[in-house]
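Observations on chain architecture
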Amino acid sequence: KAGGRGTYRRFNAAMHAQLQAHQQMKLTMRDALARGQFELHYQPLVSLQTRHVTGCEALLRWRHPERGMIAPSEFIPIAEETGLIVPIGAWVLQQVCLQASSWPEHVSVAVNLSPVQFKHPKLVKAVADAISAARLNPARLQLEITESVLLDESEHNLELLQQLRELGVKIAMDDFGTGYSSLGYLRSFPFDKIKVDRTFVRDLPEGKESLAIVRAVAGLGQSLGMMTTVEGVETEDQLKTVNAEGFDEVQGYIFSRPLPASEISKLIADGPLRGED
Ligand code: C2E
Ligand code: MG
Ligand code: MG
Ligand code: MG
């Protein structure tokens, strides 16, 4: 009881600090793009058959002058709240297309789309502009969409996916298994790729339930003619397991963490990856 008020005060202070950080980020994010504080890191996707890099996923970071590197989980929700994700997302699309055009033709690039970007009427144009400005073969661009993007307005969403597809880009369902509309969407739209969320990989190979789910998704992808990717593979045992289940590609710390563009180009040039850190 005695500590009650103190605990409350501490709690209050912590909440206050958090709110302040949130407000501060909101304010400083407005100029962050113009000040060149955003950067993209790239994480390789590796073919299980050849061990070559088939593509890289672009992952956004904010190099904040006072706070250092900020992870997307911290600032993207705020960017979505303020709508800043739309210009930031357009910049990301431009950057990745330019970057990929410097890589060998067989290496693709994957970009994450926020639900807010997806709802924005200029999305198709932003994608088309980024591709043509970089003169990139559109088949080398993969748009990653999570289940949360597809929750509402299903007819409209299908139409939009179709329009994006007509640009010649590939469409991947990201973080598969974490939402709840995924199976229905797999039936109504032919995704090019399914990416299994890393929460299903964490407790492999021991986790029986995760293994069952991962196995089912591999089968689903094969029957539907979609590429299958697993994210978050960290250990040799996990790699063996997903390999045995017949997945096409792996993305995870076992091969590489996300790296700055300069380092990724070197990694691509170096050829097959072995899987040790
Ligand atoms: P995501 O699209 O599912 O990206 C994969 C996340 O898993 C990345 O986190 C990556 O660093 C992490 N990861 C990959 N392999 C491993 C592993 O072996 N172990 C562990 N522990 N983690 C691994 P990151 O970079 O923090 O990004 C988090 C999320 O932020 C992304 O999840 C994506 O939803 C979002 N995001 C990142 N960049 C962008 C962007 O440019 N636009 C939008 N709208 N969202 C983005
Ligand atoms: Mg992704
Ligand atoms: Mg993912
Ligand atoms: Mg994920």
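These figures come from a predicted structure and were not determined experimentally.

Turning our attention to the overall build of the protein. Helix and strand content of the protein: 10 helices and 10 strands. In terms of C-alpha radius of gyration, the protein reaches 20 Å, essentially the compact-globule figure of 19 Å for 277 residues. Dimensions of the protein, computed from the C-alpha atoms along their principal axes, are close to 60 × 50 × 45 Å. Per-residue burial for the protein yields a buried fraction of 45% across its 277 residues. Intrachain contacts of the protein at a sequence separation of at least 6 include 66% that bridge at least 24 residues.

Protein coordination at the magnesium ion (ligand 3) comes from Asp174 (OD), Asp175 (OD) and Glu231 (OE), with a distance range of 2.0 to 2.5 Å. The magnesium ion (ligand 2) is placed at 3.5 Å from the magnesium ion (ligand 3), the two being bridged by Asp174. Remark: Glu231 occurs in strand S8 (residues 227-231) and Asp175 occurs in strand S6 (residues 170-176); sequence separation between them is 56 residues. For Asp175, a relative accessible area of 21% puts it in the partly exposed group.

Protein ligation of the magnesium ion (ligand 4) involves Asp175 (OD) and Glu231 (OE), the donor distances falling in the range 2.2 Å. Between the magnesium ion (ligand 4) and the magnesium ion (ligand 2), a separation of 5.9 Å is found.

To continue, consider the site of ligand 1. Glu57, Arg61, Asn112, Glu234 and Tyr253 are the nearest of the 23 residues found near ligand 1. Contact distances for ligand 1 include 3.1 Å between a nitrogen atom and a backbone N or O atom of Leu60. At 3.0 Å from an oxygen atom of ligand 1 is found a side-chain nitrogen or oxygen belonging to Asp175. Protein chains shield 84% of the accessible area of ligand 1, which is 810 Å² for the free molecule. Applying the majority rule of atoms within 2 Å of the grid points places ligand 1 in the largest pocket. Elements with a minimum of two residues in the shell around ligand 1: strand S2 (53-64), helix H2 (72-82) and S6. Of the residues belonging to the shell around ligand 1, the class tally is nine nonpolar, six polar and eight charged.

Moving on to the nonpolar core. Counting 78 residues, the largest nonpolar core has Tyr42, Val96, Phe118, Leu141 and Phe191 as the members making the most contacts within it. Among the elements that line this core, the one with the most residues is helix H3 (residues 85-101), at seven residues. Beyond its immediate stretch of four places on either side in the chain, Leu141 contacts Val96, Cys97, Val109, Val111, Val127, Ile131, Leu136, Val169 and Lys170.

Tallying each qualifying case throughout the model produces 12 salt bridges. Where Arg35 meets Asp31, a salt bridge forms, and the shortest distance between an N and an O atom there is 3.7 Å. When its relative accessible area of 37% is taken as the criterion, Asp31 is described as partly exposed. Residues joined in a network through salt bridges with shared partners are Glu57, Glu144 and Lys195.

With that settled, consider the packing of aromatic side chains. With the rule as written, the count across this model stands at five aromatic pairs. For the pair Trp62 and Phe75, a centre-to-centre distance of 5.9 Å together with 80 degrees between the ring planes defines the contact as edge-to-face. Residue Trp62 is located in strand S2, and its partner Phe75 is located in helix H2; the two are separated by 13 residues in the primary sequence. Through successive ring pairs, a cluster of aromatic residues spans Phe38, Trp62 and Phe75. Above the face of the Tyr253 ring, Arg257 is positioned so that its terminal group lies 3.9 Å from the ring centre.

About the criteria used
- Residues numbered from 1 in each chain as written.
- Chains lettered and ligands numbered in written order.
- Predicted model: local features only at pLDDT ≥ 70, side-chain atom pairs only at ≥ 80, totals over all residues.
- Heavy atoms only, no water.
- Helix = DSSP H or I, 4+ residues; strand = E, 2+ residues; numbered from the N terminus.
- Rg over C-alpha atoms; globule rule 2.2 N^0.38 Å.
- Buried < 20%, exposed > 50% of the residue type's maximum accessible area, 1.4 Å probe, protein only.
- Contact = heavy atoms within 4.5 Å.
- Donors = N, O, S within 2.8 Å, 3.2 Å for Na, K, Ca; no water.
- Near = heavy atom within 4 Å.
- Polar contact = N/O pair within 3.5 Å; in protein donor to acceptor, adjacent residues only side chain to side chain.
- Areas by Shrake-Rupley, 256 points an atom, 1.4 Å probe, with all protein chains shown as cover.
- 1 Å grid on protein atoms, 1.4 Å probe; cavity = no way out; pocket = protein on both sides within 12 Å on 5 of 7 lines; lining within 4 Å.
- Sits in = over half its atoms within 2 Å of the grid points.
- Nonpolar A, V, L, I, M, F, W, Y, C, P; charged D, E, K, R; others polar.
- Core = buried A, V, L, I, M, F, W, Y, C linked by side-chain atoms within 4.5 Å.
- Salt bridge = Lys/Arg side-chain N within 4 Å of Asp/Glu carboxyl O.
- Phe/Tyr/Trp six-rings, centres within 6.5 Å; stacked < 30°, edge-to-face > 60°.
- Lys NZ or Arg CZ within 6 Å of the ring centre and 35° of its normal.

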